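Here is how the chains run, residue by residue.
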Amino acid sequence: MQQPYLLTILTFLPVAGALALLLAPDDDHVLIRRLALITATAEFAISLLLFRGFNSQLAGYQWEELHNWIPQPPIHYHLGVDGLSLFLVLLTTLLTPISMLASWKSINERVKGFFICLLVLETGVIGVFVSLDMFLFFLFWEVMLIPMYFLIGIWGHERRIYAALKFVLYTMFGSILMLVAMLWLYRLTAVAGTPTFDIPQIQSMLSSGTITLPAVTEMLLFGAFFLAFAIKVPLFPLHTWLPDAHTEAPTAGSVMLAGVLLKMGTYGMLRFCLPLFPEAAHKFAPAIAVLAIIGIIYGALVAMVQVDLKRLVAYSSVSHLGFVVLGIFAFHVISIQGAVFQMLAHGISTGALFLGVGMLYDRRHTHLIKEYGGLATPMPVLAGLYLFSCFASAGLPMLNGFVGEFLILAGTFQRHADWSAWAALGVIFSAVYLLWSYQRVFFGAVTKDKNASLPDADLRERGILFLMAAIILWMGMGSPFFTRRIEASAQNVLQLMQRPQAAYDAGVIRGGAEMNSMNLNRFAMPANGNNAGTVNSK
């Protein structure tokens, strides 16, 4: 049975924890850290309740909450999750306490502010993934910017101010485009006689023909939404803010940025670009696929020549997220399932790589590869667990990276074999830059005297890395647990692109005051017995 207000609790519990931190003494760092960790751990435990009562055969929204908020213009407090957002919420609640543990000893200045920023960031990201009202979605999208700006700008490294400003300026530019598109959509619903910001309601109006978009209007709206999300992914050539943000951010900031913030862009493409603007999506798909493939290959080649280990991992994200975008715009149910799975896999494996890089930085205070060498001798445990994460990121079979990339390439191949063939080069190049960097950092003789006495991972660090390794292996071996819960929603995205009648129906808004939320899933596309072209999850 689905309990009411669960999504509200998940969204705002971190803010409640942040308010509690404000009451803690500034100099009691132990209390601050423990209170923040307890809040984040409780958030993760509560998020596991989402599995209880979640119907994997239902394509519509579940755990739904719907309340009137602002009467004029009619804005609703509308939350819900489906197969596309369920695991992204869980990924967020998992990586937040892990990021806190990773920062347990490395953050010793302005400790209260640091953990408050992490908790507020968690609220912003979860809010994006569960919002079903455009105004609410945009509100949480902007809330996310503030704590991330401070995490980079205050607790980052030498060029932190430059990186933080670049991150905000890029994202704000995309936000402006998205806001204009949202207001344009609202105006169209008002002209149709039912003004609303509600995403399912707008989809229903588009599907039923209540709103008709001229070709030029649809392309402009698609372009505005897509650019906003492409900047966040980031898609080549809009990626230049990412390496600087990752390199200058503290370890926790890099883990959250790579793990969940980048996924907000690809999630937005699935939630807005494909179902709302299907004709424009088809028209621009070849060009977007070319950019995704360029990003896959370019990101891998640039990562290969990096002298900074953290920057190398940052460029790997450009390459891996290119696979996700390619899978989305291949318009095949298998490739979309693979894209969602790859979002999760990248969050875990690349998050583990950033954790490992952060642990090295805590010991040597440098990211330069030439300053390392032979670390496997003094640090065998850290070396072994970092290698495991490299294998996962490179797509080794039985690990999580393989599943996502295989599904994306397999689904894309059925639509466009040439796209899949070019993208496969990224898999080869990823093995090159990951293993070559590992060889220079961990193998061979110890090249610096300082490295000979470096301590191996302590109990806290081993616990973090072993947990990440266990999740990597579980995702690789137990992928049907994820794909069967993603399948119905992935199928429904493609159905929505065919403009089915009242798909994802949200009931009827009368005068902007009432909405029958019980009808939300009435016309949602169920996962039927015909699974041709889908991943067999039995």
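The shown structure was predicted, so the numbers you read here are calculated from the model rather than taken from an experiment.

What counts and how
- Residues numbered from 1 in each chain as written.
- Predicted model: local features only at pLDDT ≥ 70, side-chain atom pairs only at ≥ 80, totals over all residues.
- Heavy atoms only, no water.
- Helix = DSSP H or I, 4+ residues; strand = E, 2+ residues; numbered from the N terminus.
- Rg over C-alpha atoms; globule rule 2.2 N^0.38 Å.
- Contact = heavy atoms within 4.5 Å.
- Phe/Tyr/Trp six-rings, centres within 6.5 Å; stacked < 30°, edge-to-face > 60°.
- Buried < 20%, exposed > 50% of the residue type's maximum accessible area, 1.4 Å probe, protein only.
- Lys NZ or Arg CZ within 6 Å of the ring centre and 35° of its normal.
- 1 Å grid on protein atoms, 1.4 Å probe; cavity = no way out; pocket = protein on both sides within 12 Å on 5 of 7 lines; lining within 4 Å.
- Points joined across faces, edges and corners; volume = space filled by probe spheres on them.
- Nonpolar A, V, L, I, M, F, W, Y, C, P; charged D, E, K, R; others polar.
- Core = buried A, V, L, I, M, F, W, Y, C linked by side-chain atoms within 4.5 Å.
- Pairing = 2+ DSSP bridges.
- Axes fitted to C-alpha atoms, helices over the stretch in contact; angles between N-to-C directions.
- Parallel < 35°, antiparallel > 145°, perpendicular 65-115°, else oblique.
- Left-handed = near helix turned anticlockwise from the far one by under 90°.
- Expected span 1.5 Å × (residues − 1).
- Polar contact = N/O pair within 3.5 Å; in protein donor to acceptor, adjacent residues only side chain to side chain.
- Patch = residues over 30% accessible without salt bridge, like charges linked within 9 Å, V, L, I, M, F, W, Y side chains within 5 Å.
- Areas by Shrake-Rupley, 256 points an atom, 1.4 Å probe, with all protein chains shown as cover.
- Salt bridge = Lys/Arg side-chain N within 4 Å of Asp/Glu carboxyl O.

Quick word on the overall build of the protein
When its secondary structure is counted, the protein shows 19 helices and two strands. Radius of gyration (C-alpha) of the protein: 22 Å, near the 24 Å computed for a compact globule of 538 residues. C-alpha extents for the protein along the principal axes are approximately 75 × 60 × 45 Å. Summarising the internal contacts of the protein: among those between residues at least 6 apart in sequence, 80% fall at separations of at least 24.

Describing the environment of Ser47
With respect to the helices, strands and loops of the structure, Ser47 is situated in helix H2 (residues 29-47). Leaving out residues up to four positions away in the same chain, Ser47 has contacts with Leu10, Leu90 and Thr93.

A look at the packing of aromatic side chains
If you walk through the whole model with that rule in mind, you get 36 aromatic pairs. Judged by centre distance (5.3 Å) and plane angle (85 degrees), the ring pair of Phe129 and Tyr267 falls under edge-to-face. With Phe129 in helix H4 (residues 111-130) and Tyr267 in helix H11 (residues 263-276), this residue pair connects regions lying 138 residues apart in the sequence. Its relative accessible area of 1% is what places Tyr267 among the buried residues. With a centroid separation of 6.2 Å and 25 degrees between ring planes, the pair formed by Phe225 and Phe229 is classed as stacked. Remark: Phe229 and Phe225 occur in helix H8 (residues 215-232); sequence separation between them is four residues, near one turn of the helix. Judged by its relative accessible area of 0%, Phe229 is buried. The ring of Trp141 has Lys232 sitting right over it, with the charged end atom 5.6 Å from the ring centre. Sitting over the face of the ring of Trp436, Arg440 holds its NZ or CZ atom 3.9 Å from the ring centroid.

Details of unusual backbone geometry
Along the chain, Gln72 connects to Pro73 via a cis peptide bond; the corresponding omega equals -5 degrees. Here Pro73 shows up in the loop between strand E1 (62-70) and strand E2 (75-81). Pro234 follows Val233 through a cis peptide bond whose omega is -5 degrees. Mapped onto the fold, Pro234 is located in the loop between H8 and helix H9 (241-248). One non-glycine residue, Phe331, adopts positive backbone phi at about 60 degrees. Owing to a relative accessible area of 10%, Phe331 belongs among the buried residues under this scheme.

Digging into empty space enclosed by the protein
All chains considered together, the criterion is met by three cavities of 30 Å³ or more. Each pocket or cavity is described by its volume, and for the second largest cavity that value is around 40 Å³. Every residue lining the second largest cavity is listed: Ala102, Thr251, Leu355, Gly358, Met359, Asp362, Arg460, Glu461 and Ile464. Elements supplying a minimum of two residues to the lining of the second largest cavity: helix H14 (333-364) and helix H18 (459-477). Counting residues per element, the lining of the second largest cavity draws most heavily on H14, which supplies four residues. Tallied by class, the residues present in the lining of the second largest cavity amount to four nonpolar, two polar and three charged.

So, the nonpolar core
Of all hydrophobic cores here, the largest spans 185 residues; its most connected members are Phe225, Leu261, Met269, Leu274 and Phe329. Here this core takes 17 residues from H14, the largest share from any one element. Apart from the residues within four sequence positions on either side, Phe225 is in contact with Met134, Met178, Ala181, Met182, Leu185, Phe272, Cys273 and Phe277.

Details of the pairing of E1
As paired strands, E1 and E2 are joined by six bridges and run antiparallel to one another. Along E2, the bridge assignment pairs Asn68 with His76. Connecting the antiparallel pair E1 and E2 is a turn made up of four residues.

Examining the side chain of Glu461
Residue placement: Glu461 occurs in helix H18. Not counting residues within four places of it along the chain, the set of residues in contact with Glu461 comprises Met359, Arg363 and Asp456.

Things to note about the side chain of Arg271
Relative to the helices and strands, Arg271 resides in helix H11. Since its relative accessible area comes to 5%, Arg271 is described here as buried.

Quick word on the packing of helix H3 (residues 86-102) against helix H10 (residues 251-261)
Between H3 and H10, whose axes approach to 9 Å, the crossing angle comes to 165 degrees. The angle between H3 and H10 falls in the class roughly antiparallel. Of the two elements, H3 crosses H10, and the hand of that crossing is right-handed. For the pair H3 and H10, contact is made by Leu91, Thr92, Leu95, Thr96, Ser99 and Ala102 and by Thr251, Ala252, Val255, Met256, Gly259 and Val260, respectively. Within the contact of H3 with H10, the residues separate by chemical class into seven nonpolar, five polar and no charged.

Some remarks on helix H5 (residues 134-155)
The first and last C-alpha atoms of H5 sit 32 Å apart over 22 residues, in line with the 32 Å expected at 1.5 Å per residue. The N-terminus of H5 is capped by Asp133, whose side-chain oxygen sits 2.9 Å from the backbone nitrogen of Phe135.

Thoughts on a nonpolar patch on the surface
Judged by side-chain polarity, Trp69, Phe135 and Leu139 come together as a nonpolar surface patch covering roughly 260 Å² of accessible area. Note on placement: Trp69 falls in strand E1.

Here's the deal with the layout of surface pockets
The space that makes up the largest pocket amounts to roughly 400 Å³. Elements represented by at least two residues in the lining of the largest pocket include exactly H5 and H14. Take the lining of the largest pocket: its biggest share by element is five residues, from H14. For the lining of the largest pocket, a count of residues per class yields seven nonpolar, eight polar and six charged. In this model, the second largest pocket occupies a volume close to 250 Å³. Residue lining of the second largest pocket: 14 residues in total, with Phe87, Leu90, Leu94, Trp474 and Phe482 positioned closest to the centre.

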